[in-house]
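# Observations on the model geometry
The lines below spell out each chain.
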Amino acid sequence: MGMIFYDMELSPNAKRARIGVAETGAPFEKRQVNLLAGEQKTEAYRRIHPLGRVPALDDDGVVVWESGAILLYVAEKFPQARLVPRTLADRGHVYQWLTFGETNIHAYMGPMGFQMLRKAPDKRDQSILERGRKRMPEVLAVLDRQLEGRDYLVGDFSIADCACAPWLEVAPSLEIDLTPYANVSGWLARMQARPSWSA
Ligand SMILES: N[C@@H](CCC(=O)N[C@@H](CS)C(=O)NCC(=O)O)C(=O)O
């Protein structure tokens, strides 16, 4: 059966995991889950992901969901892809940025994306949008400092980059300006140039 990746083309969370899966070079089948039609909430799909979300990975019956967990899973399953560094110190830093992608980037941008993309303008919760726009400059400044003199977050490309970059691609549509963060913009362009970005 191989790997089946439950996906949604436009979802930054799905993209975080999809990049890592694609970087392994192993074949995988993408199955689109139509979030706008509510397919994620069907009984059948909840047997894959009990919360009814994307992404999820089914690797020959081993089902893993949460994009960070999928990234860690494929990094361990395909060591030849070198998705995590060799030294424990560097791996510690990769795990730090992997978690940062969830607890800082997705934590603000995920709820903003939901308001902007899924709700009519007059139904949007402005407090969620304001909170994100207030907090993201600090998050971006931290990323920008980390990327000073580095091509990727922990030196070589790793799952940390997969976890952090996809949400930033949609920053302009959430009225978050990336132009003050030149290192972040350069790194995002490097990520977008990798074949896995459009896998
Ligand atoms: N922390 C989860 C977040 C997953 C998530 O929120 N996915 C969104 C798409 S970006 C989703 O499936 N939403 C559908 C819904 O909640 O109905 C991860 O990183 O996998």
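### Digging into the pairing of strand β4 (residues 62-65)
Where strand β3 (residues 56-59) lies against β4, four bridges are found, and the strand directions are antiparallel. Bridge assignment links D59 to a residue of β4, and that residue is V62. Adjacent in sequence and paired antiparallel, β3 and β4 are bridged by two residues, among which D60 carries a positive phi angle near 50°.

### Quick look at the environment of G20
When you line up the elements, G20 lands in helix α1 (residues 12-23). Through-space distance from the C-alpha of G20 to that of W65 is 14 Å; in sequence the pair is 45 residues apart. The contacts of G20, once residues within four sequence positions are left out, are I70, L71, V74, A75, L83, I159 and C162.

### Topic: the domain arrangement of the protein chain
Taken domain by domain, the protein chain comprises domain 1 (3-81) and domain 2 (88-198). At the junction of the two partners, domain 1 supplies 13 residues and domain 2 supplies 12 residues. Breaking the side of domain 1 that touches domain 2 down by element, the ones donating at least two residues are α1 and α3 (67-77). When the residues that make up the side of domain 1 that touches domain 2 are grouped by side-chain class, the tally is six nonpolar, four polar and three charged.

### A few points about the packing of helix α4 (residues 88-118) against helix α5 (residues 126-146)
Interhelical geometry of α4 versus α5 gives an angle of 150° and a closest axis separation of 9 Å. One way to sum up the angle between α4 and α5 is to call them roughly antiparallel. Crossing of α4 over α5 shows left-handed handedness. In contact with N104, I105, Y108, M109, P111, M112 and Q115 of α4, α5 contributes I128, L129, R131, G132, R135, M136 and V139. Residue composition of the contact of α4 with α5, grouped by class: nine nonpolar, three polar and two charged.

### Quick word on α5
For α5, spanning 21 residues, the distance from its first C-alpha to its last is 31 Å, which sits close to the expected 30 Å at 1.5 Å a residue. Its axis deflected by about 30° at M136, α5 carries its strongest bend there, up to four residues before the proline P137. The complete set of buried residues in α5 reads G132, M136, V139, L140, L143 and Q146.

### A short note on the site of the ligand
Looking at the ligand, there are 13 residues lining it, with S11, N13, R53, V54 and S67 nearest. Of all the elements in the fold, those that place two or more residues in the shell around the ligand are α1 and α4. Split by residue class, the shell around the ligand holds four nonpolar, six polar and three charged.

### Notes on the sheet that holds β4
Ordered in space as β2-β1-β3-β4, the four strands form an open sheet in which the pairing is mixed. Two strands close off the open sheet at either side, each with one partner strand: β2 (28-32) and β4. Strand-to-strand twist across the sheet, computed as the mean angle between neighbouring axes with direction ignored, equals 20°. Here five bridges tie strand β1 (residues 3-7) to β2, and the two strands are oriented parallel to one another. Residue pairing in the sheet places I4 in a bridge with E29 of β2. Relative to the sheet, α1 contacts β1, β2 and β3, its axis offset from that of β1 by approximately 155°. Across the face of the sheet, α3 comes into contact with β3 and β4 while running at roughly 135° to β4.

### Section: the packing of α4 against helix α6 (residues 159-169)
When two helices pack together, their arrangement is captured by the angle between the axes and the distance separating the axes. Relative orientation of the contacting elements α4 and α6 amounts to 15°, with a least axis distance of 8 Å. Classified by the angle their axes make, α4 and α6 are roughly parallel. Where α4 crosses over α6, the two elements pack in a sense that is left-handed. On α6, the residues that touch V94, W97, L98, F100, G101, E102, I105, H106 and M109 of α4 are I159, A160, A163, C164 and W167. Of the residues in the contact of α4 with α6, the class split is 11 nonpolar, two polar and one charged.

The rules behind each value
Residues numbered from 1 in each chain as written. Predicted model: local features only at pLDDT ≥ 70, side-chain atom pairs only at ≥ 80, totals over all residues. Pairing = 2+ DSSP bridges. Helix = DSSP H or I, 4+ residues; strand = E, 2+ residues; numbered from the N terminus. Contact = placed C-beta atoms within 7 Å. Domains from an automatic or database assignment. Nonpolar A, V, L, I, M, F, W, Y, C, P; charged D, E, K, R; others polar. Axes fitted to C-alpha atoms, helices over the stretch in contact; angles between N-to-C directions. Parallel < 35°, antiparallel > 145°, perpendicular 65-115°, else oblique. Left-handed = near helix turned anticlockwise from the far one by under 90°. Expected span 1.5 Å × (residues − 1). Bend = angle between axes of the 7 residues up to and from the residue. Buried ≥ 20, exposed ≤ 12 C-beta atoms within 10 Å, placed from the backbone. Near = placed C-beta within 6 Å.

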